[in-house]
Amino acid sequence: MGPLVWWTLFSSTFLCFSDVVSGTTTNTVNLSDQFETQTYIIRVQNNLKPSVFSDVEHWYSSTLKSLTSNNLKLDHEKTQSRNSKEDFLHVYKTVFHGFSTKLNQQQAEEIKNRPGVLGVYIDQVREIQTTRSPHFLGLTATGAHGHKANGLLKGSDYGSNVVIGILDTGIWPERRSFHDHGLGPIPSHWKGECMEGKGFSKTLCNKKLVGARYFPRGYTATAGIINETTEFRSPRDSDGHGTHTASTAAGRHIPNASLLGLADGVAVGIAPKARIAVYKVCWGRGCFDSDILAAIDKAVEDGVDIISLSVGAAVTPYYQDPIAMGSFGAMEKGVFVSASAGNEGPGIMTVTNIAPWITTVGAGTIDRNFPADLILEDGPVIKGASLYSGPPLPENTFFPLVYAGNLSAAVHNGNVTYPKRSGSSTGFTSAICMPNSLQQELVRGKIVLCDRGGVPRAAKGAVVKDAGGVGMILANSSPEGSGLVADAHVLPGLAVTETDGYAIHTYLATSKNPRAKFAFHGTQLGTKPAPVVAGFSSRGPNLESIYIIKPDMIAPGVNILAAWPDNVSPTGLSSDPRRTEFNIMSGTSMSCPHVSGLGALLKGAHPDWSPARIRSALMTTAYIHDSAGRILLDEVNYNTSKAWDMGSGHVNPQKALDPGLVYDLTVDDYIDFLCASNYTRRNVRSIARRPVNCTSKGLKPWDLNYPSISVAVDQSKPSKTEIELRRTVTHVNDGASSYTVKIENPVGAIVVVDPPKLEFTQREEKKSYVVKIVTQKVALPPGNTKSEFGRLTWTDGNHMVSMPIAVTWQESY
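Rules of the game
Residues numbered from 1 in each chain as written. Predicted model: local features only at pLDDT ≥ 70, side-chain atom pairs only at ≥ 80, totals over all residues. Heavy atoms only, no water. UniProt positions renumbered as here; feature names shortened; annotations may be inferred. Salt bridge = Lys/Arg side-chain N within 4 Å of Asp/Glu carboxyl O. Helix = DSSP H or I, 4+ residues; strand = E, 2+ residues; numbered from the N terminus. Buried < 20%, exposed > 50% of the residue type's maximum accessible area, 1.4 Å probe, protein only. Phe/Tyr/Trp six-rings, centres within 6.5 Å; stacked < 30°, edge-to-face > 60°. Lys NZ or Arg CZ within 6 Å of the ring centre and 35° of its normal. Pairing = 2+ DSSP bridges. Axes fitted to C-alpha atoms, helices over the stretch in contact; angles between N-to-C directions. Disulfide = S-S within 2.5 Å.

Looking at an unreviewed UniProt entry, the chain carries the name Subtilisin-like protease SBT1.5, with the source organism given as Papaver nudicaule. Word for word, the UniProt comment on the chain under Subcellular location (unreviewed entry) is "Secreted". Taken directly from UniProt, the Sequence similarities (unreviewed entry) text for the chain runs: "Belongs to the peptidase S8 family."

Set out below in structure tokens:
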């Protein structure tokens, strides 16, 4: 069964869940309703440029001017002369050859057939997706999980010679997290610059913040002008997301950090001496591919070593995804690309940024929590989570407790009848506490129970507060289950699980006078079990290729404290007057920069390592057991998680420094994988930027030398199926080593490795082995697919080089 069948079976689950994990939201744009023309990204094979043109811009411009109905406009202004840069939004020269411009549909169809044009893509909008996590990862003086502390930090000089490119909402450069005291000279390979703009001068860059650029042209061409009363037309951050991710990846050591007294301690990024280069690609209404691609192109030209990309969108084939293609070009230049897996969990096949040359990061919890209790007057104490730190309600006073679904202003005004939610709501919009949905007379002086979903979590509290409520309970609904995300609410409030939400409903239905109060317990350390796969973290299998397990790994992504701008409240709400130097956020947007920072440390310790080696070291040393010794649990239901949820496991930085063996990959290996995936020569050429002959390859997609194994079994074949695949490992230690293999078989399959022992005598020696997977027919559940998981581990007594195995049985189509 190919990717199309997987999409047919599961697309209904892919974008069903719209809860906003970070507490802020970005609206998508209906392009066709706004303009007759829209933005396209044009992929070009530059070596086909006719000699009559002096440069590629001349060629591109001439091509545009020759189009039928040539009335190209940019921001509604006419384009000018030959080779005018006003013909283009962006010209891409480094990781992607081509340009972006505005075209009508007729022109877009016409340009597809011009010589040298490899592809034409509609500009797509994407959305943006610490005092404890470095300790949790073993990157502090005390260490964690029994590892020797500081080995990776010292071995890499804290990432001092590495530049991390942060593609996000910009940065607040004055934050102490970005000071350059004690840093040495800027790495000699850095060629970037500091762009000036509104509220941002060149002097704000330093030896820490070595570069800053902003990319608004794709955004303004589609979404309209930037509102400069609320946003900065410059690298300055007016959202907070970019400042948070930048300091998570590479913030300096800052003592006495906290969010309004919570999570207090020393704030520090993963690679505290790594240099930061900021590329602002996200604005008030989203992040457009044309701008993201321009930032990737410029970042690689500038000399970044790492790209951190905490944005995502719906999955498309690699040859139709400009960001996947741009990331391929970055990988080709030796740049490690880390990207967020998405926040659409726990639905299956929701993982995004899935190209095999991108390191895809899911989210896990850490051993820190912010507990809060809901105390029912004549019922149980219900455990929840909250970052509320404001004035408490009177300690010994119980307040009336009501459900928002019964408080609709429209319903009680007799205007509208709303469908019921989970059998208990008389007003859907009021149930989720939409703005202006609650009747003040029914809310005033009460604690209100709101359902999760529809609007940002913290915004629900503001709705309750505006209606006169004294407190808010936010109850999970399917599919969030037991996954709790704490928020800095504007009034006393907490989050509870789906099960506890039902318990509160039962209490409301059975009590004659339901009343409740809160108890907030601040910061709690040593939470167990930890880590747990975050409920919101997007899951596999990989929508485009089941043969590549995604996400690759998980990293800390829940309740992460990092730097925050001066002009943004901790909730992101304009009505919230509070300001803080640090904020706590959750999402795969937070786990991604953890891995970006780890990539910087590994690059600093091993300057010659390829992006594939860095990813391999992180994946093969990842652990799958929590602090209690059990296989990592899934926060949704606290059942055992699978490779579709956690990939290879949770990152283990100290082990990754010395992985023993790595699975390396070259550009040609990825091209072979694309050929084996039945991509056409034109498809592959669109990605690789060069002609490719796939006909003589004879490879299978599962033969890509990836540090995980995933195969699919066709149930229409005989009862016994055998699949063979090959892997090659590189010895990255000095001296001789002898590795033996250990297999944990997936249920219904037998895995045999030949040879079962690998002998190495020197560094950089390579050895190959064959994996044979023998399966029997199995009974398939509804949906006609079933996956089972195992593990393959090479060990020399000191190193454990491990990878997950996924076997999926499916009906033939």
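Asker: I'd love a proper account of the pattern of salt bridges, names of residues and values included.
Answerer: The full count for this structure, using the stated rule, is 31 salt bridges. D157 is the salt-bridge partner of K273, the closest N and O atoms lying 3.5 Å from each other. Of this pair, K273 sits in the loop between β11 (262–267) and β12 (275–280) while D157 sits in the loop between α6 (151–155) and β8 (163–168), and the two are 116 residues apart along the sequence. The partly exposed category is assigned to D157, whose relative accessible area is 35%. When salt bridges that share partners are traced, they join E332, D668, R689 and R690 into one network.

Asker: Which residues make up the packing of aromatic side chains, and what values go with them?
Answerer: Counted according to the given criterion, the structure contains 20 aromatic pairs. Summarising the aromatic geometry, the rings of Y92 and F96 are spaced 5.5 Å apart at their centres and angled 85° between planes, so their arrangement reads as edge-to-face. Pairing W357 with Y670 gives two aromatic rings, centres 5.7 Å apart and planes at 85°, and the pair type is edge-to-face. On the criterion of sequence distance, the pair formed by W357 in the loop between β17 (336–340) and β18 (359–364) and Y670 in helix α20 (residues 667–676) is long-range, its members being 313 residues apart. Judged on exposure class, the residue W357 and its partner Y670 are both buried. Here the aromatic cluster, defined as three or more aromatic residues joined through ring pairs, consists of Y318, Y319, F328, W357, Y670 and Y679. One Lys or Arg, R43, reaches over the ring of F96 and ends 4.2 Å from the middle of that ring. Looking at R236, its charged tip hangs above the ring of F232, at a distance of 5.9 Å from the centre.

Asker: How would you summarise the sheet that holds strand β40 (residues 785–795) if you had to cite specific residues and measurements?
Answerer: As summarised here, the arrangement of the five strands in space is β34-β41-β40-β36-β38, forming an open sheet in which the pairing is mixed. The outermost strands of the open sheet, each flanked by one partner alone, are β34 (709–714) and β38 (757–760). When the angles between neighbouring strand axes are averaged without regard to direction, this sheet yields 20°. Of the strand pairs in this sheet, strand β36 (residues 737–744) and β40 are connected by five bridges, and their pairing is antiparallel. Within β40, the position partnered with K742 by the bridge is T793.

Asker: Pulling in residues and values, what's your account of the state of the cysteines?
Answerer: A covalent bond between the sulfur atoms of two cysteines is what we call a disulfide. Evaluated as defined, the whole model comprises four disulfides. Sulfur-sulfur distance for the disulfide between C194 and C205 comes to 1.7 Å. Between C194 and C205, the disulfide has an S-S torsion of 70° and is therefore right-handed. You can see C194 sitting in the loop between β8 and β9 (209–214) and its partner C205 sitting in the loop between β8 and β9, a full eleven residues away along the chain. Assigned by exposure class, C194 and C205 land together as buried. A sulfur-sulfur distance of 1.9 Å marks the disulfide that ties C675 to C694.

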